[in-house]
Amino acid sequence: MNYLLRFLVSSIALCCVAISSHANIYALDSTAVEADTVRPGLVTRVINYFNESNKKEPTKHLDFSIIGGPHYSSDSKLGLGLLAAGVYTVAPGDQATSPSNFTIFADATTAAHFKLGVRGDHFSLNNNWWLNYELRFASIDTKFWGIGYDQCRLDANETEYRYLELSSFFIASKRFGKNLYIGPEAIVSYVKADKLFDGGNWTYLQEHTVSPGVGLSLTFDTRDNITNPHRGIVVNMAQIFCPKFLGNTSGYSYNELTVAGYHHLWRGCTAAAQAHWRLAWDNVPWTQLSALGGSYNMRGYFEDRYRDRCEADICLELRQNVWHRVGVVAWVGAARIFDKVSNFNLKHVLPNYGFGYRWEFKKNMNVRVDMGFGRGQSGVVFNINEAF
């Protein structure tokens, strides 16, 4: 626990230093205008920092802020998360160029969950190119129930292990027309299962896998913004191939489709809906099976408890702004895992519902806390930006 304590203390210190440094910018600007202004205290500077963090500054090349705080979930227990969010543009003041964004995230919990990574979207001048990327490292003491609904639903199949992951993906899409983007996608993932218990569902599975793949991504996007959309639709389809000659133990491939729409209902209220599937076939390693649960998909389910070759889910969410930068959400959803399309049916559909709190940290970038419920389980999610 000593290394975890040092991490938590250093993280809090880093957050305070960042807040103090950012707030000093405003203090210096103030003294330049009025020499007799009294330097504000730390508490005042922290308040000013958060008051100003969501102000849209179209003339700035980079607007960068940090937020951190404790969180709790039944899976990861008590933890401390740090989120550093940046918004920038390659053409300040140009309304035809979408703002780019990135998020650096770090998290540590008392259940030995450690995550570190960066993800973002970069738009070139006039949105001619859209680069979407993520790089992440994770070391998590987690659980495995097996593959397929019949195994995953049984609590008796629970096996503890340590999940180590280093993965990344990169999509470079060229714009065609007004809203269509097409481009190559590359992924690579290294996963190792450590501290395994012998026997059970592990007897026939590889303890570590390397999974590189390449493919094509197609996106049709009319959203007003990508981090907190209020209107528009987005359709994304990706076809990824992971052949043996790239370094995979066995060849496999998968297809992923996401369709989402956003509609303004009344003042401050947005209805959001999403349908998603991921279909994999051939000799898919257990680390690359389609799964549900976590921060973005079927919130409230233990991440990756339910896994199989294929997964399909839907979600309907209402998002209501209630006061200034504060909002609330409520959602209902459902999902199904299955080994192939011909075996899809509604017999083993998993339900999902929940509610959440939103606070606009930066313009169109929300910090979210969600409480999700599923069949026999529930969980709390702390993250930045909407789930979809």
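No experiment lies behind these values; they were computed from the predicted model shown.

## Looking at the pairing of strand 17 (residues 350-362)
Thinking step 1. The sheet contact formed by strand 16 (residues 326-338) and strand 17 spans ten bridges and is antiparallel. Across the sheet, residue Trp331 finds its bridge partner in strand 17, namely Gly354.
Thinking step 2. Relative to strand 18 (residues 365-374), strand 17 runs antiparallel, the two sharing nine bridges. Following the sheet pairing, Trp359 is matched in strand 18 by Val367.

## Quick word on the nonpolar core
Generally speaking, nonpolar side chains in soluble globular proteins are found buried as a group.
Thinking step 1. Core analysis: the biggest nonpolar cluster contains 15 residues, and Tyr161, Tyr254 and Trp286 have the highest contact counts within it.
Thinking step 2. For this core, the secondary structure elements donating two or more residues are strand 6 (159-176), strand 7 (180-194), strand 10 (232-242) and strand 11 (252-266).
Thinking step 3. Tallying contributions element by element places strand 7 first for this core, with three residues.
Thinking step 4. Ignoring anything within four residues of it in the chain, the contact list for Tyr254 reads Ile187, Ala238, Gln239, Ile240, Arg278, Leu279, Ala280 and Trp281.
Thinking step 5. Formed by eleven residues, the second largest nonpolar core is a distinct cluster that contains Tyr149, Leu292, Phe302 and Leu350.

## Comments concerning the pattern of salt bridges
Thinking step 1. Applying the stated rule across the entire model yields 15 salt bridges.
Thinking step 2. In this structure, the salt-bridge partner of Arg299 is Glu317, at a minimum N-O distance of 2.8 Å. Of this pair, Arg299 sits in the loop between strand 13 (290-291) and strand 14 (307-308) while Glu317 is found in strand 15 (residues 310-323), placing the two residues 18 residues apart along the sequence. Per residue, the accessibility class of Arg299 equals that of Glu317, and both read buried.
Thinking step 3. When the shortest N-O distance is used, the salt bridge between Asp370 and Arg368 registers 2.9 Å.
Thinking step 4. With a relative accessible area of 0%, Asp370 lands in the buried category.
Thinking step 5. Counted as one network, the salt bridges with shared partners bring together Arg299, Glu317, Arg319, Arg358, Arg368, Asp370 and Glu386.

## Topic: the side chain of Ser217
Thinking step 1. The topology assignment puts Ser217 in strand 9 (residues 213-221).
Thinking step 2. Of the polar contacts made by the side chain of Ser217, one reaches the side chain of Asn236; its length is 3.3 Å.
Thinking step 3. When residues no more than four places from it in sequence are discounted, the contact partners of Ser217 are Ile171, Tyr181, Ile182, Gly183, Glu185, Asn236, Met237 and Ala238.

## Focus: unusual backbone geometry
Thinking step 1. Although it is not a glycine, Met298 adopts a positive phi angle of roughly 50°.
Thinking step 2. Here Met298 is to be found in the loop between strand 13 and strand 14.
Thinking step 3. Residue class for Met298 comes out buried when judged on its relative accessible area of 6%.
Thinking step 4. Although it is not a glycine, Asn385 adopts a positive phi angle of roughly 70°.
Thinking step 5. Overall, the relative accessible area of 13% leaves Asn385 in the buried class.

## Quick look at the environment of Gln377
Thinking step 1. Looking at the secondary structure, you find Gln377 in strand 19 (residues 377-384).
Thinking step 2. Taking the C-alpha atoms as reference points, Gln377 and Phe302, 75 residues apart in sequence, are found 7.6 Å from one another.
Thinking step 3. Among the polar contacts listed, one links the side chain of Gln377 to the backbone nitrogen of Phe302, at a separation of 2.8 Å.

## Considerations on the packing of aromatic side chains
Thinking step 1. In the structure shown here, the tally under the stated rule is 15 aromatic pairs.
Thinking step 2. With 6.0 Å between their ring centres and 25° between their planes, Phe64 and Phe102 make a pair best called stacked. Here Phe64 is found in strand 1 (residues 62-73), whereas its partner Phe102 is found in strand 3 (residues 100-109), with 38 residues between them in sequence.
Thinking step 3. Classification of Phe102 as buried rests on a relative accessible area of 16%.
Thinking step 4. Ring geometry for Trp145 against Phe302: centres 5.2 Å apart, planes inclined by 75°, an arrangement best described as edge-to-face. Linking Trp145 in the loop between strand 5 (129-144) and helix 3 (149-152) with Phe302 in the loop between strand 13 and strand 14, this pair joins segments that are 157 residues apart in sequence.

How each quantity is defined
Residues numbered from 1 in each chain as written. Predicted model: local features only at pLDDT ≥ 70, side-chain atom pairs only at ≥ 80, totals over all residues. Heavy atoms only, no water. Pairing = 2+ DSSP bridges. Helix = DSSP H or I, 4+ residues; strand = E, 2+ residues; numbered from the N terminus. Core = buried A, V, L, I, M, F, W, Y, C linked by side-chain atoms within 4.5 Å. Buried < 20%, exposed > 50% of the residue type's maximum accessible area, 1.4 Å probe, protein only. Contact = heavy atoms within 4.5 Å. Salt bridge = Lys/Arg side-chain N within 4 Å of Asp/Glu carboxyl O. Polar contact = N/O pair within 3.5 Å; in protein donor to acceptor, adjacent residues only side chain to side chain. Phe/Tyr/Trp six-rings, centres within 6.5 Å; stacked < 30°, edge-to-face > 60°.

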